[in-house]
Amino acid sequence: QVQLVESGGGLVQAGGSLRLSCAASGRTFSSYTMGWFRQAPGKDREIVAAINRNGLNTYFAGSVRGRFTIFRDNAKNRVFLQMNRLKPEDTAVYYCAARENWIGPPDEYDYWGQGTQVTVSS
């Protein structure tokens, strides 16, 4: 089992930046693909970004490509989401998630954090 805890959410003005952090338990963090998801009020959960075990493969949703960056520090069992040039449309609860394989359906992850709120004011 993997436990994930997000932090770093908050209120920020449009155009600002925020960095989210996800701390993972266990000894096998470096074996997992990690993803960031978000869910806005009244909308389905959507994938934002993903990164494979060694960081060589990444994925970004079209809505955040060029503004967000995902990276990981396996020595510290953490994955990060750097969010720049934030827009009100980015307002959502953000979740980190983990699964064993890089290849697979975009939404099928095995372990989930509790989420952290990000609010972008206009």
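Coordinates for the structure precede this section.
Let me begin by describing the structure that accompanies this report. Each chain has its residues counted from 1, running along the sequence as written. With the structure being a predicted model, the display of local features is reserved for residues of pLDDT at least 70 and the display and counting of side-chain atom pairs for 80 or more, all residues being used for whole-chain, interface and lining totals. Where side-chain values are given, they derive from all heavy atoms of the structure, hydrogens and water being excluded.

1. Digging into the nonpolar core
Across soluble globular proteins, nonpolar side chains have a tendency to be buried as a group. Rules: By nonpolar core is meant a set of buried Ala, Val, Leu, Ile, Met, Phe, Trp, Tyr and Cys residues that side-chain atoms within 4.5 Å join together. Buried means the residue's accessible area, taken with a 1.4 Å probe over protein chains only, is under 20% of the maximum for its type, while exposed means over 50%, and partly exposed covers the values in between. Helix and strand labels come from DSSP, where a helix needs a run of H or I of at least four residues and a strand needs a run of E of at least two; each type is numbered from the N terminus. For this analysis, residues touch if any pair of their heavy atoms sits within 4.5 Å.
Counting 31 residues, the largest nonpolar core has Leu4, Met34, Trp36, Leu81, Met83 and Tyr94 as its most contacted members. For this core, the elements supplying multiple residues, two or more each, are β3 (18-24), β4 (33-39), β5 (46-51), β7 (68-73), β8 (78-83), β9 (92-99) and β11 (116-121). When neighbours within four sequence positions are excluded, Met83 is seen to be in contact with Gly16, Ser17, Leu18, Leu20, Arg67, Phe68, Tyr94 and Val118.

2. Observations concerning the state of the cysteines
The cut-off we apply is this: The definition used for a disulfide is geometric: two cysteine sulfur atoms within 2.5 Å.
Considering all chains together, one arrives at one disulfide under this definition. Two residues share a disulfide in this structure: Cys22 and Cys96, whose sulfurs sit 2.0 Å from each other. Since a negative S-S torsion denotes a left-handed disulfide, the Cys22-Cys96 link at about 50° is right-handed. Note that Cys22 is positioned in strand β3 and Cys96 in strand β9, a separation of 74 residues in sequence.

3. Observations regarding the pattern of salt bridges
Operational definition: Note on definitions: salt bridges are taken to be side-chain nitrogens of Lys or Arg within 4 Å of carboxyl oxygens of Asp or Glu.
Evaluated as defined, the whole model comprises three salt bridges. One salt bridge in this structure joins Arg38 and Asp90, with 2.9 Å as the shortest N-O distance. Here Arg38 is found in strand β4, whereas its partner Asp90 is found in the loop between β8 and β9, with 52 residues between them in sequence. What makes Arg38 buried here is its relative accessible area of 6%. Classification of Asp90 as buried rests on a relative accessible area of 2%.

These results come straight from atomic positions and should not be treated as a statement about function.
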